[in-house]
Amino acid sequence: MTTRETASALSFAGDTVLITGTARGIGRACAVRFAERGATVVGGDRLDQSETVGACAELTGDFEPVDADVTDPAAVAALVEHAADTGRIDVVVNVAGIVAREPIETHDGEPWARSMDVNLTAPFRIVREAAPHLRETSGTIVNVSSIYGQIGAAERAGYASTKAGLDGLTRALAAELGTDGVRANAVAPGFIETPMTAPYAEDDAARERFRGLAALDRLGEPTEVASVVTFLAGDAASFVTGETVLVDGGRATVE
Ligand code: NAI
């Protein structure tokens, strides 16, 4: 991480930030937030990223879209290489994720294996490729987990398992990379309004139910996750590592 004064601890000017899942939702909000703060953001997604390019166009930093399916090891290697070609990698943010809902009796094949590939194996592979670069910069890792890594949710065996696994991966990375000054943390969002959750947000009964589960009595916005991601990635959180921060409006901890 570039050395800087405390007053500019929220600046990422001169830093390269690699983010996955930047085509929409929380990933796009993270790209915008880092670019606002001066970073060169390299964003990998399998979907078209032109809206994210547009959202970052007027900002201080840059956004460079890369076509990448994070379950493809060759694409992951190319994505990390693209970021490293800027001369450094300071931050890696694993956002790309999928959710599948399926009863346990039929919860095989697609929901289980695909969830593992996208939500857990891909972040592992990305960090494995990026680790040498992160050690050089004493960089930071932020993984986007979920409250479902900590609280149970029916019919989400694969999703919940991958997110609990991601929390474990985060702690292991903090332990292994800490001596080189690399910090690894996670955020665990509650209900955030994105294309992923649109089917629930657009259903009045479901929307009311999820709203009522949060102490703040509302759903969350992608920018509210991005703010915590940038906090954890930057010098303002310089003594925080191995932590998973709930960003859930008080859903998992408050009755
Ligand atoms: P979203 O579905 O709106 O966006 C996910 C992005 O990841 C998309 O741009 C998609 O193309 C990309 N992606 C998925 N699979 C990919 C692959 N194989 N290769 C490359 N890109 C891929 O989802 P949202 O809501 O923005 O979620 C982002 C992350 O936040 C996910 O990891 C999700 O599990 C997590 N999360 C979201 C919550 C919510 O309420 N929206 C709650 C808790 C966690």
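Since the structure is predicted, the reported quantities are computational estimates derived from the model, not experimental observations.

Reading the values: the criteria
Residues numbered from 1 in each chain as written. Predicted model: local features only at pLDDT ≥ 70, side-chain atom pairs only at ≥ 80, totals over all residues. Heavy atoms only, no water. Core = buried A, V, L, I, M, F, W, Y, C linked by side-chain atoms within 4.5 Å. Buried < 20%, exposed > 50% of the residue type's maximum accessible area, 1.4 Å probe, protein only. Helix = DSSP H or I, 4+ residues; strand = E, 2+ residues; numbered from the N terminus. Contact = heavy atoms within 4.5 Å. Polar contact = N/O pair within 3.5 Å; in protein donor to acceptor, adjacent residues only side chain to side chain. Pairing = 2+ DSSP bridges. Right-handed = clockwise from strand over helix to strand, strands pointing away.

Caption draft 1: Geometry of the nonpolar core. Of all hydrophobic cores here, the largest spans 28 residues; its most connected members are Ile19, Phe34, Val41, Val93, Val187 and Val229. Among the elements of the structure, strand S1 (16–20), helix H1 (25–36), strand S4 (91–94), strand S5 (140–144) and helix H8 (222–233) are those that each provide at least two residues to this core. In terms of residue count, H1 provides more of this core than any other element does, seven residues in total. Other than its neighbours up to four places away in sequence, valine 229 contacts Cys30, Phe34, Val93, Val142 and Val187. The next biggest cluster of nonpolar side chains, apart from the first, holds 27 residues, and it includes Ala68, Val92, Ala122 and Leu134.

Caption draft 2: The arrangement of the side chain of aspartate 90 in detail. Its place among the elements puts aspartate 90 in the loop between helix H3 (73–84) and S4. A residue is classified by how much of its surface remains accessible, and aspartate 90, at 0% relative accessible area, is buried. Polar contacts involving the side chain of aspartate 90 include one to the main-chain amide nitrogen of threonine 16, which spans 2.9 Å.

Caption draft 3: Summary view of the pairing of S4. Residues Val91 and Val93 line one face of S4 and the alternating positions Val92 and Asn94 line the opposite face, and both faces are buried. Relative to S4, S1 runs parallel, the two sharing three bridges. Bridging from a neighbouring strand, valine 17 pairs with valine 91 of S4. By the bridge criterion, four bridges tie S4 to S5 in an arrangement that is parallel. Residue pairing in the sheet places valine 93 in a bridge with valine 142 of S5. Remark: the S4/helix H4 (residues 110–137)/S5 crossover connection has right-handed handedness.

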